[in-house]
Amino acid sequence: MDKKKRELIPHKPGIYEKYIKRLQDLILSVIAIIVLSPVLVLIAVLVRIKLGSPVIFKQQRPGLNGKIFNMYKFRTMTDKRDEAGDLLPDEERLTNFGEKLRSTSLDELPELFCIAKGELAICGPRPLLVSYLPLYNEHQSRRHEVRPGLTGWAQVNGYRGDTSIMKRIEYDLYYIENWTFGFDIKILFLTIFKGFVNKNAY
């Protein structure tokens, strides 16, 4: 991507965004929940056995127009604490089982319910932490003009630790500017190909 600062073309929702994308996401997410229900149940049972309860990790994230919603994932860390009762660092609480869930993105399957509820889309800018909101400038905050996604243009353009937050925001803004049905299909294809075949996405 061009690193030079440029003005973002004003986002104007098209027919696909207005009338098709949300219905498409709803149908696909419901189908995925039904088809993957045995996997969801199996992972939930394993998480309960290996990590305890709660099985689901809940965290607030900014969504469309910056509205805060609860994003769900399968739990990947224990609640181990030090002598003072404080939680140990994340790397000490992340188990081998939890790491495998993360590396395969299976921990993110509960986000399908967020898609069905209309809080997430299948494709869109990944929702970052709420604590980042005050740090955005006016240009960067435009990433909230569309519904955030399960996967996005930034996610298929680098490993989890290989791209900075600023670079990911650039990719998010590029997505908003060039959002089409074909672009979403391309992102889905690259998510499957790079994530499961090349292991070159996060």
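The structure contained in this document is the topic of the report that follows. (Residues numbered from 1 in each chain as written. Predicted model: local features only at pLDDT ≥ 70, side-chain atom pairs only at ≥ 80, totals over all residues. Heavy atoms only, no water.)

1. A look at the side chain of R61
Structurally, R61 is set in strand β1 (residues 56-62). E111 provides the closest opposite charge to the buried, unpaired R61, separated from it by 7.1 Å. At 2.5 Å, the side chain of R61 and the side chain of Q59 are in polar contact. Dropping the residues within four chain positions of it, R61 is found in contact with K67, I68, F69, M71, P127, L128, L129 and V130. (Helix = DSSP H or I, 4+ residues; strand = E, 2+ residues; numbered from the N terminus. Buried < 20%, exposed > 50% of the residue type's maximum accessible area, 1.4 Å probe, protein only. Lys, Arg positive; Asp, Glu negative; His and termini not counted. Salt bridge = Lys/Arg side-chain N within 4 Å of Asp/Glu carboxyl O. Polar contact = N/O pair within 3.5 Å; in protein donor to acceptor, adjacent residues only side chain to side chain. Contact = heavy atoms within 4.5 Å.)

2. Things to note about the pairing of β1
Two elements, β1 and strand β2 (residues 68-74), share 7 bridges in a ladder whose sense is antiparallel. Residue I56 lies in a different strand from β2, and its bridge partner there is F74. Counting the residues that bridge the hairpin from β1 to β2 gives 5 residues, and of these N65 lies at a positive phi of roughly 60°. (Pairing = 2+ DSSP bridges.)

3. Here's the deal with the packing of aromatic side chains
All chains considered together, the criterion is met by 6 aromatic pairs. Centre to centre, the rings of W153 and Y174 are 6.3 Å apart; their planes meet at 25°, and the pair counts as stacked. Taken together, the residues W153 in the loop between β4 (149-151) and α6 (165-177) and Y174 in helix α6 connect sequence positions 21 residues apart. Owing to a relative accessible area of 12%, W153 belongs among the buried residues under this scheme. Through pairs of rings, three or more aromatic residues link up here, namely W153, Y174, Y175, W179 and F183. A cation over a ring is seen here: K50 above F97, with NZ or CZ 5.6 Å from the ring centre. (Phe/Tyr/Trp six-rings, centres within 6.5 Å; stacked < 30°, edge-to-face > 60°. Lys NZ or Arg CZ within 6 Å of the ring centre and 35° of its normal.)

4. Regarding the packing of helix α1 (residues 15-35) against helix α2 (residues 37-51)
As a packed pair, α1 and α2 sit with axes 4 Å apart at the nearest point and diverge in direction by 60°. Compared by their axis directions, α1 and α2 come out oblique. Residues I33, I34 and V35 of α1 lie in contact with α2, whose contacting residues are S37, P38 and L40. Broken down by class, the residue content of the contact of α1 with α2 amounts to 5 nonpolar, 1 polar and no charged. (Axes fitted to C-alpha atoms, helices over the stretch in contact; angles between N-to-C directions. Parallel < 35°, antiparallel > 145°, perpendicular 65-115°, else oblique. Nonpolar A, V, L, I, M, F, W, Y, C, P; charged D, E, K, R; others polar.)

5. Quick look at the nonpolar core
Within the largest apolar cluster, 35 residues are counted, with the highest numbers of intra-cluster contacts made by V47, F74, W153, Y175 and I187. Contributing elements (two or more residues each) for this core: α1, α2, β2, α4 (96-103), α5 (111-117), β3 (121-123), α6 and α7 (181-198). Here this core gets 5 residues from one element, more than from any other, and that element is α6. Beyond its immediate sequence surroundings of up to four residues, I187 is in contact with C123, T151, G152, W153, V156 and Y175. (Core = buried A, V, L, I, M, F, W, Y, C linked by side-chain atoms within 4.5 Å.)

6. Some points on a nonpolar patch on the surface
A contiguous nonpolar surface patch, about 690 Å² in accessible area, is contributed by L23, L26, I27, L28, V30, I31, I34 and V35. Judged by its relative accessible area of 31%, L26 falls in the partly exposed class. (Patch = residues over 30% accessible without salt bridge, like charges linked within 9 Å, V, L, I, M, F, W, Y side chains within 5 Å. Areas by Shrake-Rupley, 256 points an atom, 1.4 Å probe, with all protein chains shown as cover.)

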